[in-house]
Amino acid sequence: MKYTLGFVSSYNPHSAMHLRTIDQLPEIESIHLCVLEGEDPDPLIGSSSKVETTTTDLSKLLVRDDLDALIVATRNDQCSGVMAAAIDVGLPVLFEKPGALSAEVLRRISENASAKRLTVGTFLQWRGQPMVREIVRAKKAGAFVRVMTAEARVVTSQVRYRDPNHWLFNQETAGSGILSWLGCHQLDALCYLLDDRVVDVTAMVGQQNPETITVEDPAVVAMRFSDGVIASLHAGYHLVGSEKGYAGAAYDSFLALRGTEGYVRMPLSKEEGYSLMSIAPGWRSAGLRHETFELPESPAYGGVVGEEFMRQFLEASRTGKPAMAPIEAMVHVMEIIEAALRSARTGKTVSIG
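Now for a quick tour of the structure.

Some thoughts on the pairing of strand E1 (residues 3–9)
Looking along a regular strand, one sees side chains alternate from face to face of the sheet. Across the seven residues that make up E1, a large majority, seven, are buried. The alternating pattern of E1 places Tyr3, Leu5, Phe7 and Ser9 on one face and Thr4, Gly6 and Val8 on the opposite face, and all of these are buried. Read from E1 through helix H1 (residues 15–23) to strand E2 (residues 28–35), the crossover connection turns out right-handed. As paired elements, E1 and strand E4 (residues 69–73) share five bridges and run parallel to each other. Following the sheet pairing, serine 9 is matched in E4 by alanine 73.

Structure follows, in structure tokens:
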């Protein structure tokens, strides 16, 4: 199965990374690149040997009849318009999160894609991590019996290392800050691990970095899932001593589930693995286990996990099946983020749905 892709970019920190991923997939034969807002295409062309044409006119890209799907890595405020145009001409889309400035806009795009039976996915790549998928299987197999609480953390390099003038720190172009750019991964991971949706949110956010920005840079979010699990997320741009930019930023990330008969800890930023303790029937004899993974090397964004994530989308787009991280998942994450920001403004718990 061979593919020809369109790729739309506008100063997204991950554009070049996604192009490197595409370069690793032999089934992708060529890329037709569209850059918006005056972005220089040369650095992107240098990230992939498969770029055949470039344009600054989205309409010229979308009238091509040889495209199998579209990859969108743009500013948050532009992504929804690009996706809507692609769906109108019948193209499957894989987009950089969050994809829109509001859950409502993203929901309308999702509904339109569903009506046309088009596969639309987003880059929530934690779903493809082998340790995450193993914990999903362990939970379904009864390792925790009833999960009581869950915990997530994503803390990364301070704003000064990431350019405070970047569009990501402007509410008009980004919508929100740490929650929609990085916290979204942990929020979706919790929903994926628990196979559930959040119904109540209480949060505090702020702007603690000394640079002048208009989005939240720390956020502490408490959530209740529909089956009663209480969860928390701590997110922020707080670490010193990081490399400049986005490719080599420092991270302190973590995920945990704690149940009546077992628990799991995933120190995401320290190692590829997890620790699981269970006294549930069928699990008790192993006691506390430590599982580690030595993943193959790959220059793709997210390594071999990133390769398989994009490959799954491409195969799903041909058959009309859902992406590994479908757009509906990002719609719910946006609902959680909006509820958190509203809770922080009002000082009240906000219900979803």
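Some remarks on the pattern of salt bridges
Inspection of the entire model under this criterion finds 15 salt bridges. With a closest N to O distance of 3.7 Å, glutamate 37 and arginine 75 form a salt bridge. Of this pair, glutamate 37 sits in the loop between E2 and helix H2 (42–45) while arginine 75 sits in the loop between E4 and helix H4 (76–88), placing them 38 residues apart in sequence. According to the relative accessible area criterion, arginine 75 is buried, its value standing at 17%. Notably, a salt bridge pairs arginine 64 with aspartate 66, separated by 2.9 Å at the nearest N-O pair. Look at aspartate 66 and you get partly exposed, because its relative accessible area is 30%. Beyond isolated ion pairs, a larger network of salt bridges with shared partners links Glu104, Arg107, Arg108, Arg197 and Glu335.

A short note on the environment of leucine 194
Tracing the backbone through its elements, the reader meets leucine 194 in helix H8 (residues 178–194). You can call leucine 194 buried: its relative accessible area is 3%. Ignoring any residue separated from it by four or fewer positions in sequence, one finds leucine 194 in contact with Lys139, Val147, Ala150, Phe225, Val229 and Leu257.

Remarks on the packing of H4 against helix H5 (residues 103–115)
Angle between the axes and distance between the axes are the two parameters that describe a pair of packed helices. Across the interface, H4 lies against H5 with an axial gap of 10 Å and an inter-helix angle of 15°. On the basis of the axis angle, H4 is roughly parallel to H5. For the element pair H4 and H5, the recorded crossing hand is left-handed. Together, Ser80, Met83, Ile87 and Asp88 of H4 and Val105, Leu106, Ile109, Asn112 and Ala113 of H5 make up the contact between the two elements.

Scoring rules and cut-offs
- Residues numbered from 1 in each chain as written.
- Predicted model: local features only at pLDDT ≥ 70, side-chain atom pairs only at ≥ 80, totals over all residues.
- Heavy atoms only, no water.
- Buried < 20%, exposed > 50% of the residue type's maximum accessible area, 1.4 Å probe, protein only.
- Helix = DSSP H or I, 4+ residues; strand = E, 2+ residues; numbered from the N terminus.
- Right-handed = clockwise from strand over helix to strand, strands pointing away.
- Pairing = 2+ DSSP bridges.
- Salt bridge = Lys/Arg side-chain N within 4 Å of Asp/Glu carboxyl O.
- Contact = heavy atoms within 4.5 Å.
- Axes fitted to C-alpha atoms, helices over the stretch in contact; angles between N-to-C directions.
- Parallel < 35°, antiparallel > 145°, perpendicular 65-115°, else oblique.
- Left-handed = near helix turned anticlockwise from the far one by under 90°.

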